[in-house]
Amino acid sequence: MKNTMNTSEIDKRLLIVDDEIGPRKSLNVIFKDEYEVFEAAGGAEAISLASKKNFPVAIVDICMPEINGIDTLRELKKINSNMEVVILTAYESLDTAMSAIKYGVSGYLKKPIDIEKIRNVVSSCLDRYSFLDNLENSVRTNIESAQRDFLHMLSHELNTPMNGIVGFIELLQDTDLDEDQRFALNSIKECSYRWLDTINDILDYSRLAYANVSTAKSIFNPHTLLINIISRKKEFNPDSNIKLILQPNFPNTILGYEYDLKSVLDKLLANAIKFNPKGNILISFMYRFISEKKIKLKFDITDSGTGIPPDDLMRNNIFKPFYQMESGNTRSYGGLGLGLAICDRLCRKMGANLKVESVANKGCCFSVSVNFELPENLN
Ligand code: ADP
């Protein structure tokens, strides 16, 4: 059963469950700037908190007296089946991992905590939660019930087993592996993420094509958002040379469509890497104040890859769904041809301006400029 609350209320709450105060406080410090953090000193307190408030993500220690991590996970999922729960463990045991996966765990991380890893896992969890929440919201209000049931079932059935697979991969990555095994495991992980991205593209496109419901706005740090996107891309593309130029004194917090902006930048950067595997990518991030309460952000993602022929640019072909350029060998790069169609729709929804400039065989520059609000007293 899922709590039915307004989406804006569920944004960015993180529940940390650990009977030991030290690890609990350390996690609080890691996440407090980005999330509204709640602490629970045990399973019972976590269950009580989750029945009063909606938590998109929870981090639960496995080894706790009275109600252990697995039982806490099971109870939290009963309260909100969409909640993303990450289990922390000091010892690996296949049995506990199996139970965690059976109850729908989203991540399984070994202690001591790797800060970058846990940040990435929690950020992916929040994305997935927002994605499913947006999908449910838009289908609930706009799509015929047969389509709604189909999309909901599809997203659940396709995402849940893959979360289990990714959970096992994370677990295996922390074991002793030789170089060949590590290489194989990384490839499986990369394929799993690609699979999840493809499914999410299809669902995202269906959501945008059938319905035009706005996602919830949230308060976020645009710099952290960009760093998270880049660090996840670098994990799978260590050869790509991504440079970031930031205008100094960026505001720490802005208010707007974080999930949509993240999707757009993620897809544009994915393309910059895909069509330019070993070349240079430059991301520049600028801003200017429009008024006391409004700011315009401008992101330029420039690559030195295959570029786009003038004819395709002129006819705006690349923004058409399922379009992939005939020229060159686009097909050999894979993909469905939905990424830019989704970006185009998301930008329109956010009131953003999406532009592309390109010289064939020299590279592309995709620019997104979008207005955000400045929350009072936070900058
Ligand atoms: P996909 O990447 O799945 O093919 P997209 O909608 O993201 O789909 O892109 C559509 C087409 O636009 C791509 O197939 C490619 O031909 C072209 N394209 C997009 N981004 C770039 C880029 N950075 N460099 C060169 N071509 C690009």
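Per chain, residue numbering runs from 1 following the sequence as it is written. In keeping with the model being predicted, local features are shown solely for residues with a pLDDT of at least 70 and side-chain atom pairs are shown and tallied solely at 80 or more, while totals for entire chains, interfaces and linings include all residues. Just so you know, side-chain values use all the structure's heavy atoms and leave hydrogens and water out.

## Considering the overall build of the protein chain
- For the protein chain, the helix and strand inventory stands at 12 helices and 12 strands.
- Using a 1.4 Å probe on the protein chains alone, a residue whose accessible area is under 20% of its type maximum counts as buried, one over 50% counts as exposed, and one in between counts as partly exposed. Here the protein chain holds 379 residues, and 51% of them are scored as buried.
- Counting only contacts in the protein chain whose residues sit at least 6 apart along the sequence, the fraction spanning at least 24 positions is 71%.
- Each accessible area value is a Shrake-Rupley result obtained with a 1.4 Å probe; residue values ignore everything except the protein chains displayed when judging cover. Of the accessible surface of the protein chain, which amounts to about 18,300 Å², a share of 53% is contributed by carbon and sulfur atoms. Numbering of helices and strands starts at the N terminus; helices are DSSP runs of H or I of at least 4 residues and strands are runs of E of at least 2. Contacts between residues were defined by any pair of non-hydrogen atoms, one from each residue, lying within 4.5 Å.

## Overview of the sheet that holds strand β3 (residues 57-61)
- Pairing between strands requires that DSSP locate at least two bridges from one strand to the other. Read across the sheet, five strands follow the order β2-β1-β3-β4-β5 without closing on themselves; strand pairing throughout is parallel. On the outer flanks of this sheet lie β2 (36-40) and β5 (107-110), each paired with one strand and no other. Each strand of the sheet is rotated relative to its neighbour by a mean of 20°, with strand direction disregarded.
- Sheet analysis places strand β4 (residues 84-89) next to β5, joined by four bridges and oriented parallel. By the bridge assignment for β5, V86 is matched with G107.
- On top of the sheet, helix α3 (residues 43-52) reaches β1 (13-17) and β2; it is set at about 140° to β2, its chief contact. Lines fitted to C-alpha atoms define the axes, with helix axes restricted to the stretch in contact, and inter-axis angles between N-to-C directions lie between 0 and 180 degrees.

## Side note on the pattern of salt bridges
- A pair is scored as a salt bridge if a Lys or Arg side-chain nitrogen falls within 4 Å of a carboxyl oxygen belonging to Asp or Glu. Inspection of every chain in the model, using the stated rule, returns 16 salt bridges.
- Across the pair D71 and R74 runs a salt bridge whose closest N-O atoms are separated by 3.3 Å. Pair noted here: D71 and R74 are both in helix α4 (residues 69-79), with a separation of three residues, about one helical turn.
- For D71, a relative accessible area of 27% translates into the label partly exposed.
- R74 gets classed as partly exposed once you look at its relative accessible area, which sits at 28%.
- When the shortest N-O distance is used, the salt bridge between E75 and K78 registers 3.0 Å. Highlighted residues: E75 and K78, both in helix α4, separated by three residues, approximately one helical turn.

## Considering the pairing of strand β10 (residues 294-303)
- One ladder, built from 10 bridges, connects strand β9 (residues 280-291) with β10; its direction is antiparallel. Residue I281 lies in a different strand from β10, and its bridge partner there is D303.
- In this antiparallel pair of consecutive strands, β9 and β10, the connection spans two residues.
- As paired elements, β10 and strand β12 (residues 363-373) share 10 bridges and run antiparallel to each other. Among the inter-strand pairings, K294 is bridged to a residue of β12, identified as E373.

## Details of the confidence of the model for the protein chain
- As a per-residue measure, pLDDT tells how confident the predictor is, with possible values from 0 to 100. The share of residues in the protein chain with pLDDT of 70 or more is 86%, and the mean pLDDT across the chain is 83.
- Note that residues 1-10 has pLDDT below 50 and, in this model, 27 contacts with residues that lie over four places away or in other chains.

## Some details on the side chain of S124
- Within the secondary structure layout, S124 lies in helix α6 (residues 115-142).
- Of the residues examined, S124 reaches a relative accessible area of 10% and is grouped as buried.
- Pairs of N or O atoms within 3.5 Å make up the polar contacts considered here, provided that, within protein, one atom can donate a hydrogen while the other can accept it, and that residues adjacent in sequence are counted only when both atoms are side-chain atoms. A polar atom in the side chain of S124 sits 2.9 Å from the backbone oxygen of N120.

## Structural notes on the environment of E75
- Residue classification places E75 among the partly exposed residues on the basis of a relative accessible area of 22%.
- Through-space distance from the C-alpha of E75 to that of I47 is 6.8 Å; in sequence the pair is 28 residues apart.
- Here the side chain of E75 touches K78 through a polar contact of 3.0 Å, side chain to side chain.

## Section: the pairing of β1
- With five of its five residues buried, β1 lies for the most part within the structure.
- Viewed with both strands pointing away, a crossover whose connecting path from the first strand over the helix to the second turns clockwise is right-handed. Between β1 and its parallel partner β2, the chain crosses via helix α2 (residues 21-31), and the hand of that crossover is right-handed.
- Where β1 and β3 come together, four bridges link them in parallel fashion. When the sheet's bridge partners are listed, I16 is paired in β3 with I59.

## Topic: the nonpolar core
- Nonpolar cores were defined as sets of buried Ala, Val, Leu, Ile, Met, Phe, Trp, Tyr and Cys residues, with membership established by side-chain atoms within 4.5 Å. Among the nonpolar cores identified, the biggest contains 47 residues, and L261, L268, L269, L297 and F366 are the most heavily contacted of them.
- Contributing elements (two or more residues each) for this core: α8 (179-210), α9 (222-236), α10 (258-274), β9, β10, α12 (339-350), β11 (353-359) and β12.
- Beyond its immediate sequence surroundings of up to four residues, L269 is in contact with I229, I230, K233, I242, I281, I283 and I301.
- Core analysis: the next-biggest nonpolar cluster, separate from the first, contains 24 residues, A40, V60, L73 and I79 among them.

## Brief notes about the environment of S81
- Mapping S81 onto the fold places it in the loop between α4 and β4.
- Sequence separation between S81 and G104 is 23 residues, and the spatial gap between their C-alpha atoms is 8.6 Å.

## Things to note about α12
- Working rule for helices: expected span equals 1.5 Å times residues minus one. Between its terminal C-alpha atoms α12 stretches 16 Å, which fits the 16 Å expected from 12 residues at 1.5 Å a residue.
- Burial analysis of α12 places 10 of its 12 residues in the buried class, the great majority of the element.
- Once α12 ends, the next one or two residues include G351, with phi positive near 75°.

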